[in-house]
Structure formats: C-alpha cells, structure tokens
Amino acid sequence: LVKKVCVLESHYELGGCCHEYVVNKEGKTIPSGAGDIQHCFTFEAGPSLYAGISPDKSPNPLKHVFQMIGEEPEWITYDTWGAFLPEAPEG
C-alpha cells in the first residue's frame with residue numbers, strides 16, 4: 001500500500017510559525033542558505049509565545065491536540081525572553 005502526502009506551504013520558508021528568518025541592514029528578508037548572513041539580524045517566530053502552550057488550561061488549539069492524543073511534549077517555560085525593541089519616536 002503506497003500513500004502520497006502533499007505538503008503545502010505559502011511562505012518561502014518551511015515551518016510555519018516554527019521557523020526563523022534573517023533580515024539584512026537594508027530591511028530585506030534573506031532566504032535560508034542564500035549566502036553570508038554575518039551582518040544581518042536573525043528573528044524567530046516564537047510559537048510558544050502564542051497564547052501560551054505550557055499551562056495545563058490553555059486556550060491554544062495546538063495544546064488541545066497534544067492533550068487529546070496523549071503525546072504532549074515536555075514544555076520548557078521561561079519568565080523572560082530576549083527581545084530587543086527599538087525606541088519608537090514620540091508622536
């Protein structure tokens with residue numbers, strides 16, 4: 001029995017909200033494997049930040065799926081995360 005699977009991704013990077021992306025100093029997004037990213041900024045989408053999937057009683061639909069199938073991963077919780085936000089001009 002042979003089964004085929006078709007994976008559709010609308011973003012140029014695979015992984016949905018679980019990928020990271022690179023932006024150069026000019027603000028242009030650089031695809032993975034596109035070359036030297038030494039002087040660029042790397043961002044990750046941070047799926048664990050979306051509605052919190054580590055609490056037992058979470059509104060996150062992905063958390064519900066893990067609970068229903070009984071295959072919930074070990075969650076790593078944190079009380080801070082490294083975010084560097086530029087100062088916004090007043091106005």
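Residues numbered from 1 in each chain as written. Predicted model: local features only at pLDDT ≥ 70, side-chain atom pairs only at ≥ 80, totals over all residues. Heavy atoms only, no water.

## Considering the overall build of the chain
Then step 1. Tallying secondary structure elements over the chain gives 1 helix and 3 strands in all.
Then step 2. Reading the chain from its N terminus to its C terminus gives the helix and strand order β-β-β-α.
Then step 3. Across the 91 residues that make up the chain, the buried fraction comes to 14%.
Then step 4. Counting contacts in the chain only where the partners sit at least 6 residues apart, residues at least 24 apart contribute 17% of the total. (Helix = DSSP H or I, 4+ residues; strand = E, 2+ residues; numbered from the N terminus. Buried < 20%, exposed > 50% of the residue type's maximum accessible area, 1.4 Å probe, protein only. Contact = heavy atoms within 4.5 Å.)

## Remarks on a nonpolar patch on the surface
Then step 1. Together, Leu62, Val65, Met68 and Ile69 line one region of the surface with nonpolar side chains, adding up to about 410 Å² of accessible area.
Then step 2. Along the chain, Val65 falls in helix H1 (residues 61-69).
Then step 3. Under the relative-accessibility criterion, Val65 is labelled partly exposed at 41%. (Patch = residues over 30% accessible without salt bridge, like charges linked within 9 Å, V, L, I, M, F, W, Y side chains within 5 Å. Areas by Shrake-Rupley, 256 points an atom, 1.4 Å probe, with all protein chains shown as cover. Salt bridge = Lys/Arg side-chain N within 4 Å of Asp/Glu carboxyl O.)

## Re the environment of Val22
Then step 1. Summarising the element assignment, Val22 is placed in strand S1 (residues 20-23).
Then step 2. Given the relative accessible area of 9%, Val22 is considered buried.
Then step 3. As a C-alpha pair, Val22 and Phe43 span 21 residues in sequence and 6.2 Å in three-dimensional space.
Then step 4. Not counting chain neighbours up to four residues away, the residues in contact with Val22 comprise Lys28, Thr29, Ile30, Ile37, Cys40, Phe41 and Thr42.

Scope: geometric values only; no functional claims are made or implied.
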